[in-house]
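Working through the structure, step by step
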Amino acid sequence: MLTDASNTPFALEFKSASFSVPVLVLTTDDMDVIEQKLQEKVRKAPEFFKHSPLILDLQEANNQGCLIDLFELVGIIRKVGLFPIGIRGGNAQQNKQALELQLPTHSISSRDAPPLDEKKQDSASQEPEVNTDVSSNIAAAATTLITYPIRSGQRIYAKGDLVVLTQVSAGAEIIAEGNIHVYNSLRGRALAGVQGDVEARIFCFDLQAELISIAGNYKISEDLGDSVKGKAVQIYLQDQALIIKDIELHH
Amino acid sequence: MARIIVVTSGKGGVGKTTTSAAIAMGLAKRGHKTAVIDFDVGLRNLDLIMGCERRVVYDFVNVINEEATLNQALIRDKNCNLLYILPASQTRDKDALSQEGVGRVLDELKKDFKYIVCDSPAGIEKGAHLAMYFADDAFVVTNPEVSSVRDSDRMLGLLASKSRRAEQNEEPINEFLLLTRYSPDRVKLGEMLSVDDVQDILSLHLLGVIPESKSVLNASNSGTPVILDEKSDAGQAYADIVARYLGEDRPHRFIEDKKGFFRKLFGG
């Protein structure tokens, strides 16, 4: 059977995707109250909650000094018919319990709290060369404007939209949670909507990119047809497929 | 005010040391007191190109470690008394260099010299980093082929983000492109990138083009910077570059095929 598996080149593939998952924020450690409230909620919208995945947010409770026992809590939640798929904001003890329950521990997401930045920089520090480039370029503003050439090996991360007036060299990487605009040659990699925004688009004056990606759906240079290379284009996502379309420039 | 020039490229073998020697000699010949430092600790070469290898007593690392004074280590050039060479240590490695030590040596040199040329080692690691860190101007030496161009692009990124000027939010380093080993014949055959191709990728101010030339190898072998060979095309090209750097307006040469005229004449 092993040979079968190795003869099947595309047996599996890892992809990046984003999902909306309800987060249960707890503010008490009274398990009876939690169970009662949960049952009330589920009774009001049974279809919505049926087999729903759930992330348990323990930060608020921990801040208030409530001591939630995760074993007990998970028991109650499963009894109500919900599927806990992870916790966040837990203390050391709760994280340990989560591990024993085979529940992943998530960090607090970007939209509600700042710590994600720290996490990003941590993950970037695995590549020391890139690390300072990234951290110095993380922008707080909604739109990041770049006016200097982005050279091979440099990385720009924008939390919102990214507007680049200069060239993006081969071997450079520009990443945005929103849209990307390049009013020059795009020769490096451009990744828009990296936090899962499928509405994000890439616009560029001269498409020569090594890779383009929107919300995890990507195309490499080899897959870009000659009809769009070197053109002014916009790139967007339609039914999970990247569409590359000429932009008509009127002079 | 003294200016620190780094001669850098990322890629090895493109002509950094040849360029450092020629530029330093050119600046000194034009009356500016100039020092040239070999940052390639462990792979010392500049002394050979400058023909002073038999006069090395102390080196850059000795000065950094305060085992010798700067004056003890600096070697006066035999052709020009305004030019001094600070050789690298051959028995140590790049870890012998420290940012603080390099900064101290450069500060001391700045008191006495008009131009300080830093000959960077290849790569983007410690030696190359320290060679460019304190620079005011950068001469990016590039060969007309894709891997050299990409490495230069990478180095330009580091100049813009990892230098002292970048870290302290000062005016950025002035970056200049030097295209070396250029052969118009081979460009015509499509074997080499053209000046325009390279300019298109790097979008950088072109300071000059050095033609592929036998005179460069001859100069290295004899230990005299090629700029002193005033009859050679490469020597003249470096003289042009020094003049342009000092603000003179000189038309670019050696970009066109020099046989073009005869070809036209004979319809070849």
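Residues numbered from 1 in each chain as written. Chains lettered and ligands numbered in written order. Predicted model: local features only at pLDDT ≥ 70, side-chain atom pairs only at ≥ 80, totals over all residues. Heavy atoms only, no water.

1. Some details on the pattern of salt bridges
Let me state the cut-off plainly: A carboxyl oxygen of Asp or Glu within 4 Å of a side-chain nitrogen of Lys or Arg is what we treat as a salt bridge. Working definition: helices are DSSP H or I runs of at least four residues, strands are E runs of at least two. Numbering for both runs from the N terminus. Burial classes: relative accessible area under 20% of the type maximum marks a residue as buried, over 50% as exposed, and values in between as partly exposed (1.4 Å probe, protein chains only).
Summed over the entire model, instances satisfying the criterion amount to 24 salt bridges over all chains. Across the pair Arg-88 of chain A and Asp-57 of chain A runs a salt bridge whose closest N-O atoms are separated by 3.2 Å. Here the residue Arg-88 of chain A occupies a position in strand β3 (residues 83–88), and Asp-57 of chain A occupies one in strand β2 (residues 53–57), the gap between them amounting to 31 residues. Residue Asp-57 of chain A is classed as buried on the basis of its relative accessible area of 7%. The salt bridge partner of Asp-240 of chain B is Arg-253 of chain B, with a shortest N-O separation of 2.9 Å. Of this pair, Asp-240 of chain B sits in helix α12 (residues 233–245) while Arg-253 of chain B is found in the loop between α12 and α13 (260–266), placing the two residues 13 residues apart along the sequence. Three or more residues joined by partner-sharing salt bridges are found here, namely Arg-30, Asp-240, Arg-244, Glu-248, Arg-250 and Arg-253 of chain B.

2. Description of the packing of aromatic side chains
All names here are of chain A. Let me state the cut-off plainly: Only Phe, Tyr and Trp rings take part, Trp by its six-membered ring, and two of them pair if their centres are within 6.5 Å. Stacked means planes under 30 degrees apart, edge-to-face means over 60, and tilted covers everything else.
Applying the stated rule across the entire model yields eight aromatic pairs over all chains. Each ring, one from Tyr-183 and one from Phe-205, has its centre 5.5 Å from the other, and the planes form 80°; the classification is edge-to-face. One end of the pair, Tyr-183, is in strand β9 (residues 180–186); the other, Phe-205, is in strand β11 (residues 202–207), and 22 residues separate them in sequence. The class for Tyr-183 is partly exposed, based on a relative accessible area of 37%.

3. What about the nonpolar core?
Side chains that are nonpolar tend, in soluble globular proteins, to be buried together. Residues and elements named next belong to chain B. Put simply, the rule reads: What makes a nonpolar core is a set of buried Ala, Val, Leu, Ile, Met, Phe, Trp, Tyr and Cys residues whose side-chain atoms join them at distances within 4.5 Å. In this description, contact between two residues means that some pair of their heavy atoms is separated by no more than 4.5 Å.
Counting 52 residues, the largest nonpolar core has Phe-39, Phe-60, Leu-86, Val-102, Leu-106 and Leu-109 as its most contacted members. Ignoring sequence-local partners within four residues, the contact set of Leu-106 consists of Ile-4, Ile-37, Ile-116, Cys-118 and Phe-134. With 37 residues, the next largest nonpolar core counts Leu-27, Ala-28, Val-36 and Val-226 among its residues.

4. Focus: the environment of Leu-191 of chain A
All names here are of chain A. Relative to the elements of secondary structure, Leu-191 occurs in strand β10 (residues 189–192). Through-space distance from the C-alpha of Leu-191 to that of Asn-217 is 9.2 Å; in sequence the pair is 26 residues apart. Sequence-distant contacts of Leu-191, that is, excluding residues within four places in its chain, are made with Glu-173, Ile-174, Ile-175, Ala-176, Ile-180, Leu-211 and Ser-213.

5. Section: a nonpolar patch on the surface
Rule in force here: A residue counts toward a patch only above 30% relative accessible area and without a salt bridge, and it is joined to like-charged neighbours within 9 Å or, for Val, Leu, Ile, Met, Phe, Trp and Tyr, to nonpolar neighbours within 5 Å. Per-residue and other accessible areas follow the Shrake-Rupley method at a 1.4 Å probe size, with only the shown protein chains counted as cover for residues.
A cluster of nonpolar side chains, namely Leu-145, Leu-165, Tyr-183, Phe-205 and Leu-249 of chain A, defines an oily patch on the protein surface of about 470 Å² accessible area. Phe-205 of chain A gets classed as partly exposed once you look at its relative accessible area, which sits at 41%.

6. Topic: the interface of chain A and chain B
Applicable threshold: Accessible-area loss on putting two parts together, using a 1.4 Å probe and summing over both, is the definition of buried area adopted here. Throughout this entry, Asp, Glu, Lys and Arg are counted as charged residues, while Ala, Val, Leu, Ile, Met, Phe, Trp, Tyr, Cys and Pro are counted as nonpolar. The remaining residues, Gly among them, count as polar.
Contact residues are listed per partner, giving twelve residues for chain A and 14 residues for chain B. Carbon and sulfur atoms make up 36% of the surface buried where chain A meets chain B, a total of about 1100 Å² over both sides. Across the contact surface, chain A and chain B share three salt bridges. Between Asp-153 of chain B and Arg-151 of chain A there is a salt bridge, with the nearest N and O atoms lying 3.0 Å from each other. Taken together, the residues of the side of chain A that touches chain B break down into one nonpolar, six polar and five charged.

7. Examining a negative patch on the surface
The line we're drawing: We count Lys and Arg on the positive side and Asp and Glu on the negative side, and we leave His and both chain ends out. For charged residues, the charge sits on one atom: NZ in Lys, CZ in Arg, CG in Asp, CD in Glu.
Taken together, Asp-29, Asp-30, Asp-32 and Glu-72 of chain A make up a surface patch of like negative charges. Residue Asp-29 of chain A is classed as partly exposed on the basis of its relative accessible area, which comes to 33%.

8. Re the sheet that holds β9 of chain A
Residue and element names in this part refer to chain A. Counted only if it meets this: When DSSP locates at least two bridges between a pair of strands, those strands are taken to pair. Orientation is described by lines fitted to C-alpha atoms, with helices fitted over the stretch in contact, and by angles between N-to-C directions that extend from 0 to 180 degrees.
Across the sheet, six strands lie side by side as β5-β7-β9-β11-β14-β15; this open sheet has mixed pairing. The two strands at the open ends of the sheet, each matched to only one other strand, are β5 (143–146) and β15 (241–246). Direction aside, the axes of adjacent strands within the sheet are offset by 25° on average.

9. Notes on the sheet that holds β2 of chain A
Residue and element names in this part refer to chain A. Taken together, the four strands give an open sheet; going across it, the order is β1-β2-β3-β4, and neighbouring strands pair in parallel fashion. Looking at strand neighbours, the two that pair on one side only are β1 (23–25) and β4 (105–106), the edges of this open sheet. Here β3 pairs with β4 via two bridges, running parallel. The residue of β4 that forms the bridge with Ile-87 is Thr-105.

These figures come from the coordinates and say nothing about function on their own.
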